[in-house]
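Survey of secondary and tertiary structure
Each chain, letter by letter, is given below.
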Protein chains: 2
Amino acid sequence: MTGSLTIVGLGPGTAEWITPAAQAALDAATDIVGYGPYVDRVPEREGLTKHASDNRVEVERASHALRLAAEGRKVAVVSGGDPGVFAMAAAVFEALEAGPAEWRALPITVEPGITAMLAAAAKAGAPLGGDFCAISLSDNLKPWEVVTARLGAALAADFVICLYNPISKARPWQLGKALELAATHRDAATPVLFARAVGRPDENLRVLTLAEAVAAAGTADMATLVMIGASSTRLIAREGGAPYVYTPRSVTKSPCVTSQGRT
Amino acid sequence: MTGSLTIVGLGPGTAEWITPAAQAALDAATDIVGYGPYVDRVPEREGLTKHASDNRVEVERASHALRLAAEGRKVAVVSGGDPGVFAMAAAVFEALEAGPAEWRALPITVEPGITAMLAAAAKAGAPLGGDFCAISLSDNLKPWEVVTARLGAALAADFVICLYNPISKARPWQLGKALELAATHRDAATPVLFARAVGRPDENLRVLTLAEAVAAAGTADMATLVMIGASSTRLIAREGGAPYVYTPRSVTKSPCVTSQGRT
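An unreviewed UniProt entry annotates chain A as Precorrin-3B C(17)-methyltransferase originating from Bosea spartocytisi. UniProt, in its Pathway (unreviewed entry) section for chain A, records the words "Cofactor biosynthesis; adenosylcobalamin biosynthesis."

This is the structure:
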């Protein structure tokens, strides 16, 4: 068996953010497997077969990739951002765990990438300067009560909070609810970042207050990374652009860990 | 004024994980500013001046970089990993906020990088498959009670927890205490990752149980990223290496958000 499988992070969108190691994995592949828009980002070449699939079929896609590798193909499964963050890596290991024992002899590697929150933070300044967390707002794979419990814990403990998968046509209200919950813990003036399509031609970075963000929740989409500042997160005016957003490294006061919030 | 300042993420250590955008920023710089070991990673060349400094002088280093940029130099401030994650970006904005108004006219950009937790996760499998958080265990910049409050909240809400700056000669006991706290919330068999120097020649990845990790806390160092699994994080045996560690994307039960833990 000479097949292999690499799960490759393409970064947020620009080729300038694809690591040389990820590029080498794409160059060595005989087969590219992934969600259509990510597969489209890999140029066609002789000897390369592309297998594009729909969104929301991650485990089937992962099993397909493992079958191809078991047949001797050099497979690259592609994800936007980092494959380990709300992307294909976990789906591949789920499929591996559930699949035939022979798959476990395959060489499987993961090539990390720039995940959306790092790209959004870099464009905004340094909003992740303190402790932070990443939560997927999708309730396709977990109950909404788990999302709100985690959000509540992160708000009470004063983490900066990055929201992945904030909103979609099938999940239109979750982001608004999450921001309303945030508003019961944090000041209305807390900076909130709506970072859309960072690194792509249609990039759009908005720095809002939490109060404005609650009202603007419906203007986000699946390409938006939403970042809620901690209590210490603040702005520095910038000439000719949105203000810098940054979180000081120092914390002087203890977060109040309750589920009641500040009121 | 033609000077500029870019805060560049060098990734965890191998050149294969430096993005082309970060490399371009290094290539365009006239001055490299940073902690000695990171500055050493940038090759010497004609026209390039290197300014290496000691650890723990981040704001002085940032002010120095801003002064150089204000004098017209093209300055790259270098960080390992991602500059926005427990690294130099926040220090630069702290110095900018406290410094002379003219600094605010400087073009300041941040080039993201592969942060340690993404590299460690990639080497291990997909431990960040669910919601996760990143906490610096250093109590140089925040009270230890803030660290434990955040750890407690993250444990109760069942996040995967990434610990940066876990231990140093000046802070020998904090990691042990953190892992003991984790053991009051999570099963003794929960996978814990000690990922040291990922991407460097002396890379060393250890997959332990939480009980083993408590006993082994003293074997970590400042180059180690410690990752504590969620309740669902598990292992898949791998031929010829440490088992894969992965966290399934689905959550079926609600985390119990209390500060008492499971006992």
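What follows is about the overall build of chain A. Within chain A, the regular secondary structure consists of eight helices and 13 strands. For the C-alpha atoms alone, the extent of chain A along its principal axes is close to 60 × 40 × 35 Å. Across the 263 residues in chain A, those meeting the buried criterion constitute 56%. Nonlocal contacts in chain A, meaning residues at least 24 apart in sequence, comprise 69% of its contacts between residues at least 6 apart. Here chain A has roughly 9,900 Å² of accessible surface; of this, 53% comes from carbon and sulfur atoms.

All names here are of chain B. The residue Ser4 is located in strand β1 (residues 4-9) in this model. Look at Ser4 and you get buried, because its relative accessible area is 18%. In sequence terms Ser4 and Ile108 are 104 residues apart; their C-alpha atoms lie 6.2 Å from each other. Not counting residues within four places of it along the chain, the set of residues in contact with Ser4 comprises Ala69, Arg73, Lys74, Val75 and Pro107.

Counting from both sides, the interface comprises 76 residues of chain A and, opposite them, 76 residues of chain B. Carbon and sulfur atoms make up 61% of the area that chain A and chain B hide from each other, which totals about 6,200 Å². By the criterion of area lost to chain B, the three top residues of chain A are Asp131, Arg150 and Arg249 of chain A, representing 13% of everything that side buries. The partner of Arg234 of chain B in a salt bridge is Glu97 of chain A, with the nearest N and O atoms 2.9 Å apart.

Let us look at the pattern of salt bridges. Within this structure, the stated rule accounts for 22 salt bridges over all chains. Residue Arg196 of chain A pairs with Asp221 of chain A through a salt bridge whose shortest N-O separation is 2.7 Å. Within this pair, whereas Arg196 of chain A is found in strand β9 (residues 191-196), its partner Asp221 of chain A is found in the loop between α8 (210-216) and β11 (224-228), the two being separated by 25 residues in sequence. The exposure class assigned to Asp221 of chain A is partly exposed, which follows from its relative accessible area of 25%. Members of the salt-bridge network, linked through shared partners, are Glu58 and Glu94 of chain A together with Arg249 of chain B.

With that out of the way, let us pick up the state of the cysteines. A covalent bond between the sulfur atoms of two cysteines is what we call a disulfide. Taken as a whole and assessed by the stated rule, the structure comprises zero disulfides over all chains. Unpaired in terms of disulfides, Cys133 of chain B finds its nearest cysteine sulfur in Cys133 of chain A, a separation of 6.6 Å.

A word on the packing of helix α6 (residues 144-156) of chain A against helix α7 (residues 174-183) of chain A. All names here are of chain A. Contact geometry of α6 with α7 gives a least axis separation of 10 Å together with a crossing angle of 30°. One element, α6, and the other, α7, form an angle in the roughly parallel class. Classified by chirality, the crossing of α7 by α6 is right-handed. Contact residues: Trp144, Thr148, Leu151, Gly152 and Leu155 in α6; Gln174, Lys177, Ala178, Leu181 and Ala182 in α7. Residues that form the contact of α6 with α7 fall into these classes: six nonpolar, three polar and one charged.

Moving on to the domain arrangement of chain A. All names here are of chain A. When the domains of chain A are assigned, the result is domain 1 (4-114) and domain 2 (117-246). Using only C-alpha atoms to locate each centre, domain 1 and domain 2 end up separated by 28 Å. Taken residue by residue, the interface counts eight residues in domain 1 and twelve residues in domain 2. Interface area, domain 1 with domain 2, both sides summed: about 780 Å², of which 70% is carbon and sulfur. Along the contact surface separating domain 1 from domain 2 lie zero salt bridges. Applying the counting rule to domain 1 against domain 2 returns two residue pairs in polar contact (both at pLDDT 80 or more). Taken together, the residues of the side of domain 1 that touches domain 2 sort by class into five nonpolar, two polar and one charged.

What counts and how
Residues numbered from 1 in each chain as written. Chains lettered and ligands numbered in written order. Predicted model: local features only at pLDDT ≥ 70, side-chain atom pairs only at ≥ 80, totals over all residues. Heavy atoms only, no water. UniProt positions renumbered as here; feature names shortened; annotations may be inferred. Helix = DSSP H or I, 4+ residues; strand = E, 2+ residues; numbered from the N terminus. Buried < 20%, exposed > 50% of the residue type's maximum accessible area, 1.4 Å probe, protein only. Contact = heavy atoms within 4.5 Å. Areas by Shrake-Rupley, 256 points an atom, 1.4 Å probe, with all protein chains shown as cover. Buried area = accessible area lost by both parts, 1.4 Å probe. Salt bridge = Lys/Arg side-chain N within 4 Å of Asp/Glu carboxyl O. Disulfide = S-S within 2.5 Å. Axes fitted to C-alpha atoms, helices over the stretch in contact; angles between N-to-C directions. Parallel < 35°, antiparallel > 145°, perpendicular 65-115°, else oblique. Left-handed = near helix turned anticlockwise from the far one by under 90°. Nonpolar A, V, L, I, M, F, W, Y, C, P; charged D, E, K, R; others polar. Domains from an automatic or database assignment. Polar contact = N/O pair within 3.5 Å; in protein donor to acceptor, adjacent residues only side chain to side chain.

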